[in-house]
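Summary of structural features
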Amino acid sequence: MDKTWMFVDRTTSKYDDGVDSFIRFAIVNSDDSNVIRCPCTKCRNAKLLHPNVVKDHLFVNGVLESYTTWFWHGENISSVPIEEKIESDFEVGDGLNTVEMVDAVYRDYETKPDGFVKLLSDAEKPLYSGCTTFNVLSTLVRLYNLKTKHGWTENSFSELLSLIGDILPKENSLPTSIYEAKKTLSTLGMQYTKIHACPNDCILYRKEYENSVVCPKCGLSRWKVMKNHKVKEGVPANVLWYFPPIPRFRRMFGTKEIAKDLTWHDNKRQIDSYMRHPADSPTWKVVDHKWPDFGSEPRNLRLALSADGVNPFSNYSTQYSCWPVILATYNLPPWLVMKRKFMMLTLLISGPKQPGNDIDVYLAPLIDDLKELWEVGVDVYDAYKKEVFNLKAILLWTINDFPAYGNLSGCTVKGYKACPICGDNTVSQRLECSKKISYCGHRKYLPRGHKFRKQKKAFDGNEEHGLPPNPLSGEEVFEKVSGIHNEWGKSKKRKATRNNSDSTLSWKKKSIFFNLEYWKHLYVRHCLDVMHIEKNVCESLIGTILGIPGKSKDGLSAREDLEVMGIRDELQPQKEGEKTYLPAACYNMSRAEKKKFYTTLFELKVPEGYSSNFRNRVSMDELKLNGLKSHDCHTLIQQLLPIAIRGMLPKKVRYAITKLCLFFNALCNKVLDVNTLDGIQEELVTTLCLLEMYFLPSFFDVMVHLTVHLIHEVKLCGPVWFRWMYPFERYMKVLKSYVRKGNNVEGCIAECYIAEEALEYCAEYLKDVSAVGVPRNMNNLSSDDHGIGAGNVKLVDLKLLNQAHQYVLENTNEVEEYKDNISSNMRWISHGPQHQVIKYQGYMINGVRFHTKRHDDEHCYQNSGVSVVANTMLVSSAKDKNPIIVDMWYYGVIEEIWLLDYNALKIPVFKCDWVKNDGGVKVDDLGFTLVDLQRKGHKNDPFIFASQANQVFYIEDPENPKWSCVIENSHEKFGNSSNDDSSDKAMNLHFPAKSIPLVETIVNTLHDDESSYVRLDGEPMYID
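About the thresholds
- Numbering of residues starts from 1 in each chain and follows the order in which that chain's sequence is written.
- Only residues with pLDDT of at least 70 get local features here, since the model is predicted, and only at 80 or more are side-chain atom pairs given and counted; chain-wide, interface and lining totals rely on the full set of residues.
- Calculation of side-chain values draws on the structure's entire complement of heavy atoms; hydrogens and water are dropped beforehand.
- Starting at the N terminus, helices and strands are each numbered in turn, a helix being any DSSP run of H or I of at least four residues and a strand any DSSP run of E of at least two.
- Exposed residues in this analysis have more than 50% of their type's maximum accessible area, buried residues have under 20%, and partly exposed residues fall in between, with area computed by a 1.4 Å probe over protein chains only.
- Every accessible area reported is derived by Shrake-Rupley at a probe size of 1.4 Å, with residue values counting cover from the shown protein chains alone.
- Salt bridge, as used here: a side-chain nitrogen of Lys or Arg that lies within 4 Å of a carboxyl oxygen of Asp or Glu.
- Here, the term nonpolar core denotes a set of buried Ala, Val, Leu, Ile, Met, Phe, Trp, Tyr and Cys residues that are joined through side-chain atoms within 4.5 Å.
- It only takes one pair of heavy atoms within 4.5 Å for two residues to be counted as in contact.
- One less than the number of residues in a helix, times 1.5 Å, gives the span that helix is expected to have.
- Along the arc lie the directions from the helix axis toward the C-beta atoms.
- For two strands to be treated as a pair, DSSP must find no fewer than two bridges joining them.
- Every angle, taken between N-to-C directions, lies between 0 and 180 degrees, and every axis is a line fitted to C-alpha atoms, over only the stretch in contact when it is a helix.
- Within 3.5 Å is the distance limit for a polar contact, defined as a pair of N or O atoms, with the added protein rule that one can donate a hydrogen and the other accept it, and that residues adjacent in sequence qualify only through two side-chain atoms.
- By the definition used in this description, the sense in which the near helix is turned from the far one sets the handedness, with an anticlockwise turn below a right angle giving left-handed and a clockwise turn giving right-handed.
- An angle below 35 degrees is treated as roughly parallel, one above 145 as roughly antiparallel, one from 65 to 115 as roughly perpendicular, and anything else as oblique.
- Here the term charged refers only to Asp, Glu, Lys and Arg, the term nonpolar to Ala, Val, Leu, Ile, Met, Phe, Trp, Tyr, Cys and Pro, and the term polar to all other amino acids, Gly among them.

**Topic: the overall build of the chain**
In terms of helices and strands, the chain carries 33 helices and 38 strands. Burial analysis of the chain (1024 residues in total) assigns 56% to the buried set. Summing over all exposed atoms, the chain offers an accessible surface of approximately 45200 Å²; the carbon and sulfur share of this is 48%.

Dropping the structure here:
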């Protein structure tokens, strides 16, 4: 159908003929030939008029040019050939006004014309009579955006609306309450569906059960039963809140910039031997290989699903758990994949009880949509390419903590077969006295001829000749669970009936995900969560070496297990008269060492945003660590723990712990070299065997064992930061903040979620409305580098000023090329700076916050440490005629921050106290860089450009307080990730030791008859 007439002059015959053909088309497809919608620039399809009146409007007002698909007049969007798509001036993200923004959501209102009329009215209605800048909709969008970003309460926002209404002229149209504001914004958001469910989680009242009033499985009423046993008809006893993903995917592609980003993986991803994105993984590639039709369309979506319970009351004494189910989209660039804006809430399972293994009942609507997206696809309009295409999607894997892993996969996560990777071949034993299951036996993963395999005494008294179990493929798992018949509902005593084979002992059910045709062909279907594994290992490790009650894996029962097993006589409980004591193990710290450890953490100062203040976590009186969060454990095991234990414990134990920390640090890198992964795995296996030599069997719970499988998943799925729970846990906190009424938790979350969806949509159209779900760096207060606080103009010493000016001259690239081309900047620099400089206490540059040493001394954080890499000439002696140029690291502390004024050019520089490299910097045998901050040098060259500074921080060495350990702060951006927020950068931490020796250097010093697990200089623990 020719629509080019819409874009020609109204006085031409082509426009006249086009109007006639449109009127005929509209009448043919109208239920009532006497009225059709008017698409003129004023009516905008909001009014039903006689065809003759519509024709007059089209000549007088002109046709709405963005209305290129006539679905209001009976045209099917999928019927429009690509070659007939009409180019228009409509572009998302160019600051279009709200009327144009409303025009772009036509397709969402095909069945709700009244809602569109109201929305259009708000978009065209001025805020008050005579106002030409704001209309009702744009004002609400801006105000609600501020509310969401800054966490205003609903009462405060209502009062603000009321106050602004009083300030504005009397005849203004601004809503005066949060209720009216939400009602307006919700029309821009997507909708949700409430599906009734059985209180026992037996069924959803949909499809064949849609009209039932009693559960056919357990007999409970569909309606709520009051305390007096009276049934309250019409009020459901249990509700599933379903947010259909297909309309939300359509809206993503309906926004030009997002539609463009959704093909980043295909046209902008760097391809080499490194893994930076799930698109670099074998799982992604096997989809392309096995289903080439799907892989040939880069816009087809690759998804991940996460489900976890959340207590909306932030009160752990209240047993309430509602379960959000969230989708993440991997087509996006790495810096957007895990952002709040692109976390798509699809299901909200009502509390107060968690669904457990019956979660499959609630996943059914989502699985149906995922099946449609795979088998048939949906027609979607791509605003970037301006064409309609058939969109398909595939779910790559799920991301959950370990209990939820069992609920979604159907495998057991407790008992003898708790490892879902090893399955029926899990190596475990019950500890009779501790009443626990131990998962030792990591010698199976060593090479065949490794010396540890033949050692007996140092391990469990036996040689190891076994081989590691092979993980089951998806097809093998599907074959095992095919014979399981699921029975849903909490009232059922047996959740599933099995065949008589022992092969299903480690499986509780057949997961609903196997209803997806492709599920059994994926390499990894459920991902182990590194966040929770890391946290549990860290807590167990710290709790054991410090002997923290409730966290330690050591104790009387654990030592009695040694006696039952007949190993390690030296560590078994001993009698001293009537008292029983436990000999000091090699991992037990003395009280003096504990005090030194806690003092290191108590006095620790880190850069702002690096972690929580550990001073608040440490109790020096009780020598305890309190309230460690997941991110605290992340920073501890990645960087701080290896330094905090320096000079403590036997060297071999300290080395094994350091190697375990190094493994987690290497595992969590954002960029992974595929060629190094096998080496990391070999080092980890040997480290676990060393830990088996030193620690008790009770230490090796399933979380410690799961570390041996993490590299395998990295090889198949890519970097862990796309597959861990940190971003989802942060999003759970957002959902909790939505709850305002305790009696309607899920309703609050649902309404606030769709309101935020509307805000995110509007942010793509209005230039001055930033997206809530893609936060800028919290330090990035402006787009330019800037001083922090009010600067002071000072007259500085001329000698220092000349040193600063000389540094500028020697390190400005334009100076090297001035003979050929004298730039404007070069001309200003040549005149020298003014004698007065602006001094700041802090400066923000490259997204990093720096402060002076004086400022840090007055605060609880440390932002004054810097390092710089410089070309340095090295000679062996005064007679050396062949000097070499090398890169050398220099470490220092910022004393002053200057802003040099070259009139038209201002250059920020840091004046630093530098550590003298000769005798002031050293690297120890484990690779830690140590500096003596009192040994100062390079006094004639104290300045560097602020842009050259790398931020570091210093921790006093517990082994020798004269020295300080250097730790690099993570401040690099990922790719062109201008939107990386501090929470992302705080996760990618550099390991403090740069050249730690291989594990084999320690292994070669160990012998089978060596009692390496006993600490002869330790303090025994007496049992009351």
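**A look at the pattern of salt bridges**
Should the charged atoms of two oppositely charged side chains come close, the side chains can pair. Counting across every chain of the model gives 36 salt bridges. The salt bridge partner of Lys 906 is Asp 901, with a shortest N-O separation of 3.7 Å. Residue class for Asp 901 comes out buried when judged on its relative accessible area of 16%. Here Asp 1017 ties to Arg 1015 by a salt bridge, and the two come within 3.0 Å at their closest N and O atoms. Looking at Arg 1015, the relative accessible area reads 9%, which means it is buried. Taken together, the shared-partner salt bridges connect Glu 297, Arg 299, Asp 382 and Glu 387 into one network.

**Considering the nonpolar core**
In summary, soluble globular proteins display a tendency toward joint burial of nonpolar side chains. Within the largest apolar cluster, 211 residues are counted, with the highest numbers of intra-cluster contacts made by Tyr 330, Leu 395, Phe 513, Phe 597, Ile 657 and Phe 695. Leaving out residues up to four positions away in the same chain, Ile 657 has contacts with Leu 541, Ile 545, Leu 641, Ile 645, Leu 649 and Phe 695. One finds Tyr 807, Ile 829, Trp 898 and Val 909 within the second-largest nonpolar core, a separate group that totals 32 residues.

**Considering helix α6 (residues 154–167)**
Taking 1.5 Å as the rise per residue, α6 with 14 residues should run 20 Å; its terminal C-alpha atoms sit 20 Å apart, in good agreement. Buried residues of α6: Glu 154, Phe 157, Ser 158, Leu 161 and Gly 165, and no others. In a view along the axis of α6, the buried residues occupy a sector of 100°, so they form one face of it. Away from its buried face, by an angle of more than 90 degrees, α6 presents the exposed residues Asn 155, Glu 159, Asp 166 and Ile 167. Looking at the buried positions of α6, the neighbouring elements they touch are α5 (136–150), α7 (178–185) and α26 (745–763).

**Quick word on the pairing of strand β27 (residues 842–845)**
Burial along β27 is two-sided: the residues Gly 842 and Met 844 and Tyr 843 and Ile 845 are all buried. Counted along the chain from β27 to the antiparallel partner strand β28 (residues 848–851), the turn is 2 residues long, and its residue Asn 846 has a positive phi close to 55°.

**Topic: the sheet that holds strand β20 (residues 579–582)**
With respect to topology, 3 strands assemble into an open sheet ordered β19-β20-β38, the strand pairing being antiparallel. Strand pairing shows two members of the sheet lacking a second neighbour, β19 (574–576) and β38 (1021–1023), which therefore form its edges. Ignoring strand direction, the axes of neighbouring strands in this sheet form an average angle of 40°. For β20 and β38, the ladder comprises 3 bridges, and the chain directions are antiparallel.

**Considerations on the sheet that holds strand β9 (residues 323–329)**
Spatial ordering of the open sheet is given by β3-β6-β10-β9-β8-β13-β18, a layout of 7 strands whose pairing is mixed. Sheet topology places β3 (193–196) and β18 (526–527) at the edges, where each strand pairs with a single neighbour. This element, helix α11 (residues 282–290), spans β8 (301–307) and β13 (393–399) of the sheet and lies at about 155° to β13.

**Structural notes on helix α27 (residues 798–811)**
The end-to-end C-alpha distance of α27 is 20 Å, a good match for the 20 Å that 14 residues give at a rise of 1.5 Å each. The set of residues buried in α27 consists of Leu 801, Gln 803, Ala 804, His 805, Tyr 807 and Val 808. The opening residue of α27 is Asp 797, an N-cap whose side-chain oxygen sits 3.1 Å from the backbone nitrogen of Lys 799.

**A few points about the environment of Lys 55**
Take Lys 55: it is sitting in helix α2 (residues 51–60). Look at Lys 55 and you get partly exposed, because its relative accessible area is 28%. Spatially, the C-alpha atoms of Lys 55 and Pro 39 are 9.7 Å apart, while their sequence positions differ by 16 residues. The residues contacting Lys 55, other than those within four sequence positions of it, are Val 19, Asp 20 and Ile 23.

**Some remarks on the environment of Leu 48**
Considering the arrangement of structural elements, one finds Leu 48 in strand β2 (residues 48–49). Every residue in contact with Leu 48, bar those within four places of it in the chain, is listed here: Val 35, Ile 36 and Arg 37.

**Details of unusual backbone geometry**
In this structure, the amide linkage connecting Gly 351 to the following residue, Pro 352, adopts the cis form with an omega of 10°. Secondary-structure assignment places Pro 352 in the loop between β10 (344–349) and α14 (359–375). The backbone phi angle of Lys 207 is positive, close to 55°, even though this residue is not glycine. On the secondary structure map, Lys 207 appears in the loop between β3 and β4 (223–225). Even without being glycine, Leu 649 reaches a positive phi, approximately 60°. Examined against the element boundaries, Leu 649 turns out to sit in the loop between α20 (630–644) and α21 (651–667). For Leu 649, a relative accessible area of 6% gives the class buried.

**Concerning the side chain of Ser 158**
Following the sequence through the fold, Ser 158 ends up in helix α6. Polar side-chain contacts of Ser 158 include one of 3.1 Å to the backbone nitrogen of Ile 178.

**Points about the packing of helix α1 (residues 13–28) against α2**
Two elements in contact, α1 and α2, have axes separated by 11 Å at closest approach and are oriented at 150°. Helix-helix and strand crossings are classified by hand; for α1 and α2 the assignment is right-handed. Contact residues: Tyr 15, Asp 16, Val 19, Asp 20, Phe 22, Ile 23 and Ile 27 in α1; Pro 51, Val 54, Lys 55, Leu 58 and Phe 59 in α2.

**Side note on the packing of helix α8 (residues 245–253) against α14**
Put simply, α8 and α14 touch, their axes get as near as 10 Å, and they point 50° apart. When the axis of α8 is compared with that of α14, the two are oblique. For the pair formed by α8 and α14, the contact residues are Pro 245, Ile 246 and Phe 249 on the first element and Leu 366, Asp 369, Glu 372 and Leu 373 on the second. By residue class, the composition of the contact of α8 with α14 is 5 nonpolar, no polar and 2 charged.

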